[in-house]
Amino acid sequence: MRDTRESRLLLVLLIAIAFALITVDIRGGEESPVDGARRVAATVLGPVENGVASAVNPVGDAVGAVRDSGTRHDRIAALQQENTALKQRLGSDDRNSSRVRQLDKMLAKAGAGQYGIKGAEVIAIGAAQGFSWTVTLDIGANDGIQRDMTVLNGDGLVGRVTTVGPHTATVLLANDPDFTVGTRMEKSDELGFATGQGDRPLSVQLLNGKAKVKKGDRLVTFGSSKDRPFVPGVPVGEVVRVDPSGGDLTRTVYVRPFVGFTKLDIVGIVVEAPRENPRDTVLPPKSKPVPTPTVTVTVTPSPNANAPLNDGGTGTGNGRTDEQE
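Residues numbered from 1 in each chain as written. Predicted model: local features only at pLDDT ≥ 70, side-chain atom pairs only at ≥ 80, totals over all residues. Heavy atoms only, no water.

A closer look at the layout of surface pockets
Then step 1. The space that makes up the second largest pocket amounts to roughly 200 Å³.
Then step 2. With 4 residues, the top contributor of residues to the lining of the second largest pocket is helix 4 (residues 94-113).
Then step 3. Along the lines of polarity and charge, the residues of the lining of the second largest pocket split into 3 nonpolar, 4 polar and 5 charged. (1 Å grid on protein atoms, 1.4 Å probe; cavity = no way out; pocket = protein on both sides within 12 Å on 5 of 7 lines; lining within 4 Å. Points joined across faces, edges and corners; volume = space filled by probe spheres on them. Helix = DSSP H or I, 4+ residues; strand = E, 2+ residues; numbered from the N terminus. Nonpolar A, V, L, I, M, F, W, Y, C, P; charged D, E, K, R; others polar.)

A closer look at the confidence of the model for the protein
Caution applies to low-pLDDT parts of the model: their predicted coordinates are not meant to be read in detail.
Then step 1. In this model, the protein carries a mean pLDDT of 77, and residues with pLDDT of at least 70 account for 61%.
Then step 2. Averaged pLDDT values for the elements of the protein fall to 42 in helix 2 (residues 35-68) and rise to 98 in strand 3 (residues 150-152).
Then step 3. Residue range residues 38-70 is modelled with pLDDT below 50. Its contacts to residues more than four positions away, or to other chains, number 3 contacts.
Then step 4. Low pLDDT, under 50, characterises residues 319-325; the predicted model gives this stretch 4 contacts beyond four residues in sequence or across chains. (pLDDT = per-residue confidence, 0-100. Contact = heavy atoms within 4.5 Å.)

Overview of the side chain of Asp217
Then step 1. Along the chain, Asp217 falls in the loop between strand 8 (200-206) and strand 9 (218-221).
Then step 2. Here Lys214 takes part through its backbone nitrogen, which lies 2.9 Å from a polar atom of the side chain of Asp217.
Then step 3. Here Asp217 is in contact with Met185, Gly237, Glu238 and Val239, once residues within four sequence places are set aside. (Polar contact = N/O pair within 3.5 Å; in protein donor to acceptor, adjacent residues only side chain to side chain.)

Here it is, written out as structure tokens:
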């Protein structure tokens, strides 16, 4: 439309009519004379609005889902930042390269099980609370640590938190005689209870006395009610010996822990349990057995093996004797 005097007058007239209709509608309330026109507009424009809403709703649902999961997402993001800060603090020189590898391995393990973990360093060992096998960590209540949280590292189950101070936490190790954890056998799902035996393999009482188990079978944590003190799926160890089945209600097997309790350094405390049981996914891939080389013996005949012997019984291979010479 061209900007002319007539177009300006038309615009002013339309604005005046719009204000008049608004005033009449407001004063008329529910008996407004424009109510019928409003219903007609709703009938005509309603399908269009529904179509637009159908197109927009998936986006709105996605935004809502992100908003609803924001707390968990923010929590995981914060943990990742803290673990990254720990990694930077460890440094990358030769002295700390092993510790960085431990942290990387632990984070990979936590990622496989979808555990939200807070990294920590072992700063002391000993019977601080009357236990035989304990370690002290450099984080505590001020870092969100609570009693009965699962502790793991890049190899598997380390233990559980027993005492929490403002800046430190004490962990009861899985090989302590007072330590017990519910276990589940890989693949067969046979349940049992593992008890620590110090520097000896864990003793596991399987609930099924007729359970079929063999050397090399592996176990993970069964999990506790509300994930305290143990979250499910954390690797425990590998069977090294099986007691003969004597018809008892239970059966005892002995398990070598995946974790080396005498050389703990970097560990992770599970502060966010997985939404679903990871079952056996956190276990490392089984290594293929190295084939035994086959020994092959090759026999090579001597060049003079078929030479005729003379009457003297000591053939020289030339058909002559000393007397003939």
